[in-house]
Amino acid sequence: MTDFCFIHAADIHLDSRLKGLADYPGAPVEAMRDATRRAFDNLVRFAIEADAAFVVIAGDVYDGDWRDFNTGLYFAHGMSRLRDAGVRVALIQGNHDAQSVITKSLRLPDNVSRFATEHAESVVWEDLGVAIHGRGFGKRAESANIVASYPERRSGYVNIGVLHTSLAGSPDHEPYAPCGVEDLIAKGYDYWALGHVHARRIVRADPWIVYPGNTQGRHARETGEKGAMMVRVTDGRVAEPEFVALDAARWALVEVDAAGCGDGETAIERVEAAAAGSIDEAEGRPVALRIRVRGSCPAHRDIVADHERWTAEARQAVTNVSRSRGWVEKVAWETSAPTDAKSIGSDFDLERIADDPELVAAAMIEMRKDDEALKKKLPRDLHDLFGADNAPDAADTCALLAAKLARSGDAR
């Protein structure tokens, strides 16, 4: 039996626009506009360079109806490049390129086998000893379990099933062509090439049931490297799929731990360091960063007091380290005020904590250790407040402090 490799791709979404890109300050809109095309080009180029016997595309070549024929022509040109290199293609239509969605069509080169949408069928390549079974979507909302209609395994062949499905369900994806893993196992195939779910996942290893994810992330929820799977077949046995990054641009979620940061400047230093790591991981690709800053820290007060300034500082920090390869899609400040006495320290600012019950509670614990320090900070008529055995709770203390400070301010 012939040894070979094939490429499993899905969810190309050719000419899909990266969502909201024009709204991001500093975003290289022009450079990103054709990211799905460049990722598709990378797929074609890699298949040729890897000397792949064929490419399997498990649905959603397109992103819906074409604005014009250029989208279809671009895909057909890529298929012609594969034909000229001797690479065959087996593809099914997914929900985004179902017959009920795409109103235009073009004849594809003869190296492309496109599966029927009314029934499942098989394509057999005798020279490779391969039987590929599949069925495309005739309508966008395919709600039936269509796996039962797939042909039985062909003995003596490497059997590959191609299916656009959510399996038993997946967050953020419509439940199209739902089925169970047991349904796929029952067919006896060697490899299931799935599409529809944009997160890469090996569902099972025996048999191989695999989502390659989409070839290009299109918005801030589709983070990390994107691409396809290269699958080697030796002596009729399918080896573990190898992921190949093909994306032309990348989205990244940058988690920043701000715990213990004493001020806003320190928090920004951590943002800069974390962003630099994500930009390096993109390996030269343009990368859009969503920055999420979390943690309990004294810097929380600075950040809350001047949110706009520290957001601008975070954006500038990314500019400093990006070398024009990264920009900030969003900064999410999710810090909180420290609630332990050590974080507050003995040199706390009474006006700063007066409206925060958690901080006041921590201050009560800290200041009871030093009555003299406490008396210096409290108004004279509240000197006994913290030391009394029947001291009010933190919320009541806040109200007393806030009222007293307000009266003091009016007197000034």
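For the structure, check the block above.
Predicted model only: the values in this text are computed from it and were never measured.

Some thoughts on unusual backbone geometry
- For the peptide bond that leads from Asp206 to Pro207, omega is 0 degrees, which places it in the cis range.
- Along the polypeptide, Pro207 turns up in the loop between strand 9 (201–205) and strand 10 (208–211).
- Of note in the backbone geometry, Asp15 takes a positive phi value of approximately 70 degrees without being a glycine.
- By the element assignment, Asp15 lies in the loop between strand 1 (4–9) and helix 1 (29–33).
- A positive phi angle, near 50 degrees, is found at Asp235, a position not held by glycine.
- Among the secondary structure elements, Asp235 is positioned in the loop between strand 11 (227–234) and strand 12 (237–238).
- By relative accessible area, Asp235 is classed as exposed at 62%.

Brief notes about helix 5 (residues 264–281)
- Taking 1.5 Å of rise per residue, 18 residues should cover 26 Å, and helix 5 covers 26 Å from first to last C-alpha, within 8% of that figure.
- The secondary structure elements touched by the buried residues of helix 5 are strand 14 (250–257), strand 15 (287–296), helix 6 (299–305), helix 7 (307–322) and strand 16 (326–336).

Focus on the environment of Thr215
- Its location among the elements puts Thr215 in the loop between strand 10 and strand 11.
- When the C-alpha positions of Thr215 and Arg37 are compared, they lie 9.9 Å apart, and in sequence the two are 178 residues distant.
- With residues near it in sequence (within four places) discarded, Thr215 still touches Ala9, Ala10, Asp11, Ile12, Ala39, Lys226, Gly227, Leu246 and Asp247.

Brief notes about the sheet that holds strand 7 (residues 158–164)
- With mixed pairing, six strands are arranged side by side in an open sheet as 5-6-7-8-10-9. What marks the edges here is a single partner per strand, and that holds for strand 5 (121–125) and strand 9. When strand polarity is set aside, the average angle formed by the axes of neighbouring strands in this sheet is 15 degrees.
- Note that strand 9 and strand 10 share four bridges and pair antiparallel. Opposite Arg204, over in strand 10, you have Ile209 as the bridge partner.

Brief notes about the pattern of salt bridges
- Here the structure, examined in full by the defined rule, presents 22 salt bridges.
- Here Glu222 and Arg218 are joined by a salt bridge, their closest N and O atoms 3.8 Å apart. Considered together, Glu222 and Arg218 belong to a single accessibility category, that of buried residues.
- Each member of the salt-bridge network shares a partner with another, and the members are Asp247, Arg250, Glu283 and Arg285.

With respect to the packing of aromatic side chains
- Taken as a whole and assessed by the stated rule, the structure comprises 12 aromatic pairs.
- Ring plane angle 50 degrees and centroid distance 5.2 Å describe the contact between Phe54 and Trp125, whose orientation is recorded as tilted. Of this pair, Phe54 sits in strand 2 (residues 54–58) while Trp125 sits in strand 5, and the two are 71 residues apart along the sequence. Trp125 shares its class with Phe54; the two are buried.
- Considering the side-chain rings of Phe137 and Tyr176, the 6.4 Å spacing of their centres and the 80 degrees angle between planes classify their relative orientation as edge-to-face. With a gap of 39 residues between them, Phe137 in the loop between strand 6 (130–134) and strand 7 and Tyr176 in the loop between strand 7 and helix 4 (181–186) connect regions that are remote in the sequence.
- By relative accessible area, Phe137 is classed as buried at 0%.
- For the cation-ring pair, Arg88 lies above Trp125, with the distance from its terminal atom to the ring centre recorded as 5.0 Å.
- Its end group placed over the ring of Trp310, Arg309 keeps NZ or CZ at 3.9 Å from the ring centre.

What counts as what
Residues numbered from 1 in each chain as written. Predicted model: local features only at pLDDT ≥ 70, side-chain atom pairs only at ≥ 80, totals over all residues. Heavy atoms only, no water. Helix = DSSP H or I, 4+ residues; strand = E, 2+ residues; numbered from the N terminus. Buried < 20%, exposed > 50% of the residue type's maximum accessible area, 1.4 Å probe, protein only. Expected span 1.5 Å × (residues − 1). Contact = heavy atoms within 4.5 Å. Pairing = 2+ DSSP bridges. Axes fitted to C-alpha atoms, helices over the stretch in contact; angles between N-to-C directions. Salt bridge = Lys/Arg side-chain N within 4 Å of Asp/Glu carboxyl O. Phe/Tyr/Trp six-rings, centres within 6.5 Å; stacked < 30°, edge-to-face > 60°. Lys NZ or Arg CZ within 6 Å of the ring centre and 35° of its normal.

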